[in-house]
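Chain residues, written in single-letter form:
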Amino acid sequence: MKDVEKTNVERENSSKRLRRRKRKMNLYSFIVILLVMTVAVTVSYTFLFNISEIRVAGESDEYTAEEIVTASGVMKGDNLLRLNTKKSEQRILDTLLYVETAVVDRDFPSSLNITVSKCVPAFNVSYEMGTLLVSKKGKILADNGFITPGLPIFYGYDPAETTPGKALVSKDEQKSQAFEEFIGIMNDAEEAFISSIDMSDKYEIIVNYANGIIFKMGNWTDINYKLDMADNVMNTEGIEGKKGYITMIGSNQCSFRTSDSPVYIPGTTMENTTMDPALTQPATDTNGIPLATAPQIGTVPADPVETTEPPSAGTAQSEVNDEEEEMFREHDEMIQQQQQATAESAE
C-alpha cells in the first residue's frame, strides 16, 4: 500500500475580487458616516442647543430687558443653530427708536446674549419742511419744527428719508459721504468745535466754528485733511484767538482774513471798491506761514459805498503803492518772526 502525501492547496484571490471588495467597503463606510451625520444634525436642530436663557446687557434707559427681547423676536425654546442673528438685530433697531446699536450673540449650548447701546441726540439737520434730530450714528430720532439747542446744525443736506427710526440718507450721494465724514470727526472730538455746516452747495461747503471762525472749505472731498489745515491756521501765532475767515486756496493752502469784504489787489482799479486794511494779510500755508503770493481776487460788492466823486488816477496809484509797501512790510516781519521762533526752538 502506497503512502498518501497530504499537501496544502492555497487558493489565490484574484485582483478583481480584491478591488470589488474594497469598493463595497468604501461604499458601506460612506453610508454609515452619512447616516451618523444626518442623525447628529437632526438632533442638533431639534433637541440640542435650544435656548433656555436670554441675557440683555448694555445701555437702555428707554426700554426694559423684556421689551428688547420681545423686539428681537427670539423666544426661549428657539434653536440656536436655526436662529438668524442679523434679522434679530435689525428687528430691534427698527422697533426700538432709541436703540443705536444691537448685537445678538449665541452662547452655546443654550444661551443667547443681546447687547444694545442707546441713541444720543447729536445733530440737527435742517430741511425745507422742518428739522431732523439725528443720533451720533445718523439715525433719525425725530422730525421737529424747531432746532434743538446746543447741537450742531447741518443746512442744505436734502434728506431722502425723514421717518424717525430710519437711517439718514441724502438725495445727493456726495452730500451723504460728506455728512458721514463730518459726523465721524465731530464724534471723535472731545468738545463741540463746529456750530453749523452749510452744504447747500456741495462745491462750496461753509463750516462755522464755535470760536467765530468761518471756513470756506470748497467741495466735499478730503474733509479731514482740510479741517486739519484750518486748525493749523487757527492755532498759528498772530491768528490764534481772532475771529475771521479762512478760505481754501487750491488743494494745499489756506488764507486768513478778518473780514469777508472783497480782497484788494495792488494795481487794480479802486473805483467803487472799499478797502479794509486787514485784507492785506498774506495767505498762509498748512503751517500758517505766510505765502509770498498776493491774496486772491474778490468781487466788487453789489451795493458799493457811495462816494461824492471817484478818486483820481493819481490818488489811486498813490494808495496802490502805499498798500503794496505795507503788505510786503508786514509779510517780511511775519517771516522774520517765524525764522526767529524756529531758531529759538532749535536752540
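Residues numbered from 1 in each chain as written. Predicted model: local features only at pLDDT ≥ 70, side-chain atom pairs only at ≥ 80, totals over all residues. Heavy atoms only, no water.

Draft legend 1. The arrangement of the sheet that holds strand β3 (residues 111–118) in detail. The three strands lie next to each other as β1-β3-β2, forming an open sheet whose pairing is mixed. Single-partner strands in this sheet number two, and they are β1 (53–58) and β2 (99–107). Averaged over all adjacent pairs, the angle separating strand axes in this sheet is 20°, with direction ignored. Examined bridge by bridge, β1 and β3 share six bridges and lie parallel to one another. Its bridge partner being in β3, Glu-53 is matched across the sheet by Ser-111. Sheet contacts for helix α3 (residues 85–95): β2 and β3; angle to β2, the most-contacted strand, approximately 150°. (Pairing = 2+ DSSP bridges. Helix = DSSP H or I, 4+ residues; strand = E, 2+ residues; numbered from the N terminus. Axes fitted to C-alpha atoms, helices over the stretch in contact; angles between N-to-C directions. Contact = heavy atoms within 4.5 Å.)

Draft legend 2. Broad picture of the packing of aromatic side chains. Inspection of every chain in the model, using the stated rule, returns eight aromatic pairs. Ring centres 5.4 Å apart and planes at 85° place the aromatic pair Phe-49 and Phe-108 in the edge-to-face group. Residue Phe-49 is located in the loop between α1 (15–46) and β1, and its partner Phe-108 is located in the loop between β2 and β3; the two are separated by 59 residues in the primary sequence. What makes Phe-49 partly exposed here is its relative accessible area of 28%. Judged by relative accessible area, Phe-108 falls into the partly exposed class, the value being 43%. For the pair Phe-154 and Phe-179, a centre-to-centre distance of 4.8 Å together with 65° between the ring planes defines the contact as edge-to-face. Residue Phe-154 is found in strand β7 (residues 153–155), and its partner Phe-179 is found in helix α4 (residues 173–188); the two are separated by 25 residues along the sequence. A connected cluster of aromatic rings, assembled from ring pairs, spans Phe-123, Phe-154, Tyr-157, Phe-179 and Phe-182. In this structure, Lys-202 is placed above the aromatic ring of Trp-220, and the distance from its NZ or CZ to the ring centre is 5.5 Å. (Phe/Tyr/Trp six-rings, centres within 6.5 Å; stacked < 30°, edge-to-face > 60°. Buried < 20%, exposed > 50% of the residue type's maximum accessible area, 1.4 Å probe, protein only. Lys NZ or Arg CZ within 6 Å of the ring centre and 35° of its normal.)

Draft legend 3. Structural view of unusual backbone geometry. Backbone torsion omega between Phe-108 and Pro-109 reads 15°, so that peptide bond is classified as cis. For Asp-158, which is not a glycine, the phi torsion comes out positive at approximately 60°. Note on placement: Asp-158 falls in the loop between β7 and α4. Notably, Asp-222 is not glycine yet its phi reads approximately 55°, a positive angle. Position of Asp-222 relative to the elements: it lies in the loop between β10 (214–218) and α5 (223–234).

Draft legend 4. View of the pattern of salt bridges. With the rule as written, the count across this model stands at six salt bridges. The partner of Asp-61 in a salt bridge is Lys-118, with the nearest N and O atoms 2.8 Å apart. With Asp-61 in the loop between β1 and α2 (65–72) and Lys-118 in strand β3, this pair connects stretches of sequence that are 57 residues apart. Classification of Lys-118 as partly exposed rests on a relative accessible area of 32%. Salt bridges linked by common partners bring Glu-53, Arg-55 and Asp-107 together as one network. (Salt bridge = Lys/Arg side-chain N within 4 Å of Asp/Glu carboxyl O.)

Draft legend 5. Inspection of the packing of α4 against α5 at higher detail. Remark: α4 packs on α5, axes separated minimally by 10 Å, with the N-to-C direction vectors making an angle of 50°. When the axes of α4 and α5 are compared, the pair comes out oblique. Along its contact with α4, which presents Ala-178, Glu-181, Phe-182 and Ile-185, the element α5 presents Ile-223, Asn-224 and Leu-227. Residue classes in the contact of α4 with α5 are distributed as five nonpolar, one polar and one charged. (Parallel < 35°, antiparallel > 145°, perpendicular 65-115°, else oblique. Nonpolar A, V, L, I, M, F, W, Y, C, P; charged D, E, K, R; others polar.)

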